[in-house]
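A look at the structure
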Amino acid sequence: MTSTEPIKIQKIAKSRVGEYDVNNVPFGKVFSDHMFVAEYKDGKWHQGAIMPYQDVPMSLALSALHYGQAIFEGMKAYKTSSGEINLFRPLDNFKRLNISAVRMAMPEVPEEIFMGGLNELLKLDKAWVPDSETGSLYIRPFMIATDEAIGVKASDTYKFIIITCPAGKYYSEPIKVMVETNYFRAVEGGVGFTKCAGNYGRSLFPTKLAQQKGYQQVIWTDAKTHSYVEESGTMNLMFVIDNILITPATSDTILAGVTRDSVIQLARDWGMMVEERKVSIKEIFDAHKNGKLQEAFGVGTAATIAHIVTIGFEGKDYELPPIEQRKFSPKIDQALRDIRKGRVEDKFRWIIKVA
Ligand code: COI
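What counts, and at which threshold
Throughout, a residue's number is its position along its own chain's written sequence, starting from 1. With the structure being a predicted model, the display of local features is reserved for residues of pLDDT at least 70 and the display and counting of side-chain atom pairs for 80 or more, all residues being used for whole-chain, interface and lining totals. Side-chain calculation: all heavy atoms of the structure are included, whereas hydrogens and water are not. Each helix is a run of H or I in the DSSP string that is no shorter than four residues. Each strand is a run of E no shorter than two, and both are numbered from the N terminus. The globule rule is 2.2 Å times the number of residues to the power 0.38, and the radius of gyration it is compared with is taken over C-alpha atoms. Contact criterion: two residues are considered in contact whenever any of their non-hydrogen atoms come within 4.5 Å of each other. What sets the accessible areas is the Shrake-Rupley method with a 1.4 Å probe; for residues, cover comes only from the shown protein chains. Here Asp and Glu are counted as negative and Lys and Arg as positive; His is not counted, and neither are the chain ends. In plain terms, the charge of a residue is placed at NZ if it is Lys, CZ if Arg, CG if Asp and CD if Glu. The term salt bridge refers to a pairing of a side-chain nitrogen on Lys or Arg with a carboxyl oxygen on Asp or Glu at a separation within 4 Å. Here's how the labels work: a residue is buried when its accessible area is under 20% of the maximum for its type, exposed when over 50%, partly exposed in between, all with a 1.4 Å probe on protein chains only. Throughout this document, a residue counts as near a molecule or strand when at least one of its heavy atoms sits within 4 Å of that molecule or strand. Any pair of N or O atoms that falls within 3.5 Å is considered a polar contact. Within protein, one atom must be able to donate a hydrogen and the other to accept it, and sequence-neighbouring residues count only if both atoms are side-chain atoms. Gly counts as polar in this scheme, as do all residues outside two lists: the nonpolar Ala, Val, Leu, Ile, Met, Phe, Trp, Tyr, Cys and Pro, and the charged Asp, Glu, Lys and Arg. What makes two strands pair is DSSP finding at least two bridges between them. The span one expects for a helix is its residue count, reduced by one, times 1.5 Å. With axes taken as lines fitted to C-alpha atoms, and helix axes fitted only over the stretch in contact, angles between N-to-C directions fall between 0 and 180 degrees. The scheme is simple: roughly parallel for angles under 35 degrees, roughly antiparallel for over 145, roughly perpendicular for 65 to 115, oblique for anything else. What counts as a domain boundary in this text is fixed by an automatic or database domain assignment. Buried area, as used here, totals the accessible surface that two parts lose on assembly, with accessibility defined by a 1.4 Å probe and the loss added over both. Side-chain rings of Phe, Tyr and Trp, where Trp is taken by its six-membered ring, are said to pair if the distance between their centres is within 6.5 Å; with planes under 30 degrees apart they count as stacked, over 60 as edge-to-face, and otherwise as tilted. Criterion for a charge above a ring: Lys NZ or Arg CZ within 6 Å of the ring centre, and within 35 degrees of the ring normal.

As a further point, take the overall build of the protein chain. What the protein chain contains, in helices and strands, is eight helices and 19 strands. Relative to the globule expectation of 20 Å for 355 residues, the C-alpha radius of gyration of the protein chain, 21 Å, shows essentially globular dimensions. Each of the three principal axes of the protein chain carries a C-alpha extent, and together these read 60 × 50 × 35 Å. A separation of at least 24 residues holds for 71% of the contacts in the protein chain among residues at least 6 apart in sequence. As displayed, the protein chain offers around 16,300 Å² of accessible surface, 53% of which is attributable to carbon and sulfur atoms. Taken together, the 44 basic and 43 acidic charged side chains of the protein chain have centroids lying 2 Å from each other.

Considering all chains together, one arrives at 22 salt bridges under this definition. Among the ionic pairs, aspartate 156 bridges to lysine 153, the shortest N-O distance being 3.2 Å. Judged by relative accessible area, aspartate 156 falls into the partly exposed class, the value being 48%. The exposure class of lysine 153 is exposed, given its relative accessible area of 51%. Taken together, the salt bridges that share partners define one network made up of Glu133, Asp333, Arg337, Asp338 and Arg343.

What follows is about the site of the ligand. Residues in close proximity to the ligand include Phe72, Gly74, Tyr138, Arg140, Tyr170, Lys195, Tyr200, Thr234, Gly300, Thr301 and Ala302, which together make up its full environment. A distance of 2.5 Å separates an oxygen atom of the ligand from a polar atom in the side chain of lysine 195. Here an oxygen atom of the ligand sits 2.8 Å away from a polar atom, N or O, in the main chain of alanine 302. Its residues assigned to classes, the shell around the ligand shows five nonpolar, four polar and two charged.

With that settled, the discussion passes to the environment of lysine 289. With respect to the helices and strands, lysine 289 occurs in helix H7 (residues 281–289). Sequence separation between lysine 289 and tyrosine 318 is 29 residues, and the spatial gap between their C-alpha atoms is 9.4 Å.

Within strand E2 (residues 34–41), six of the eight residues are buried, which leaves it mostly tucked inside the rest of the structure. When E2 meets strand E3 (residues 44–52), the two strands line up antiparallel, connected through seven bridges. The residue bridging valine 37 from the neighbouring strand is alanine 49, located in E3. Between E2 and E3, which follow one another and run antiparallel, lie two residues, and aspartate 42 among them has a positive phi close to 55°. With five bridges joining them, E2 and strand E8 (residues 158–167) adopt antiparallel strand pairing.

Further remarks concern helix H8 (residues 329–340). End to end, H8 covers 16 Å across twelve residues, agreeing with the expected 16 Å (1.5 Å per residue, within 8%). Most of H8 is tucked away, with nine of its twelve residues classed as buried. When we look at burial in H8, the residues that qualify are Ser329, Ile332, Asp333, Ala335, Leu336, Arg337, Asp338, Ile339 and Arg340. Of the surrounding elements, those touching the buried residues of H8 are strand E5 (75–79), strand E6 (85–88), helix H6 (258–269), strand E16 (293–300), strand E17 (304–313) and strand E19 (351–353). Just downstream of H8, glycine 342 is the residue with a positive phi angle, here 70°.

A word on the side chain of serine 136. Structurally, the position occupied by serine 136 is in strand E7 (residues 136–145). On the basis of relative accessibility, which here comes to 1%, the residue serine 136 falls in the buried class.

The subject of this paragraph is the packing of H6 against H8. Put simply, H6 and H8 touch, their axes get as near as 11 Å, and they point 105° apart. As far as their axial angle goes, H8 and H6 are roughly perpendicular. Counting all contacts with H6, which are made through Thr259, Ser262, Val263, Leu266 and Ala267, the residues of H8 involved are Ile332, Ala335, Leu336, Ile339 and Arg340. Of the residues that constitute the contact of H6 with H8, the class distribution is seven nonpolar, two polar and one charged.

This part is about the domain arrangement of the protein chain. What the domain assignment reports for the protein chain is domain 1 (8–167) and domain 2 (175–339). A separation of 27 Å is found between the C-alpha centroids of domain 1 and domain 2. With 21 residues of domain 1 at the interface, the matching set in domain 2 holds 23 residues. Overall, the association of domain 1 and domain 2 removes approximately 1,700 Å² of surface from exposure, summing both partners, and the carbon and sulfur fraction of that is 61%. Area buried by domain 1 at its contact with domain 2 is led by Phe72, Arg96 and Arg103, which between them contribute 34% of it. Linking domain 1 with domain 2 are two salt bridges, by the criterion used here. The partner of glutamate 133 in a salt bridge is arginine 337, with the nearest N and O atoms 3.0 Å apart.

Attention now moves to the side chain of serine 32. Turning to its location among the elements, serine 32 is positioned in the loop between strand E1 (8–9) and E2. A distance of 2.8 Å separates the side chain of serine 32 from the side chain of aspartate 125, its partner in a polar contact. If near-sequence neighbours (up to four positions away) are discounted, serine 32 is found in contact with Arg16, Tyr53, Asp125, Trp128 and Thr164.

Next up on the list: the packing of aromatic side chains. Summed over the entire model, instances satisfying the criterion amount to 18 aromatic pairs. Ring geometry for tyrosine 40 and tyrosine 158: centres 5.9 Å apart, planes at 65°, overall edge-to-face. Taken together, the residues span a long stretch of sequence, with tyrosine 40 in strand E2 and tyrosine 158 in strand E8 at a distance of 118 residues. Residue classification places tyrosine 158 among the buried residues on the basis of a relative accessible area of 2%. Three or more aromatic residues joined by ring pairs make a cluster, and in this case those are Phe27, Tyr138, Tyr170 and Tyr171. Lying across the ring of tryptophan 270, lysine 331 places its NZ or CZ 4.2 Å from the centre.

What follows is the structure, given as structure tokens:
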């Protein structure tokens, strides 16, 4: 593709935005007026087009459906008090999409298609970006294999699509999680570091079992020994133990979360000690026993910060200090909101404005 080719834009006849209170819709169920679609065929990407959000006809032999060549990203746009639209670290999501693409034998998306499509889409649909304190427009870029073929091989054709939906809080309350020591999410040499659809599909059964026991999410442990914690649900996992921020180091079993990295950078900037390393279950419960486990929380794009109030392990529940007593995670939550909403200096150059 050549970057001079313009994006074709077909606008919706009448916006649907007035049908909703964008500050108050369930997560991931109401989609904005438009979507961006680009195609890969004949060995190259072709400039994409924006069109009204719609269902698309699909072959039942679509290879993504059968063999899981499907990857996605999650990112957010925020509205400032003057009505500008701020994208939070979109280039990091762009890069990570391509890391997932390489691992799944899919073609990398050119930056001008990803960023160009995103910018035009957000320009058209900016009325869909919530302006409430905790609201944002959740952006879901994804790529699927589109060959109509049942043979097991990497597809020759793909679609890269961006859809968006207004979002409020992902978890309305602090969460109760259970350490999972039977099933695992990712294995060394596998695809745990990618955002491939299969990582999420495989998590649903263990999560359902945990939910039947009264927990919202599981804490995933390493596949070999089940003695080190890795992630929680669809989020990276963090602890504050004895005033040190501790989080599992990224590896091929752990997603390099953008929120994870933002929290770490801010914490270091504030002079807090941060340790990225293996974190054992034993260490967590020893710290709990000694009164040193001050905070536990999940971090991710959808949830931002999800405070963990209870950790279940081997049939016993361990209660953590109440949120009002936590010094770090509420402060980091607020700091991230201030940056995203453009209320403070963007010291780390995380914001890209929709132009
Ligand atoms: C995100 O935080 O964007 C995620 O990946 C979670 C999502 C699957 C809802």
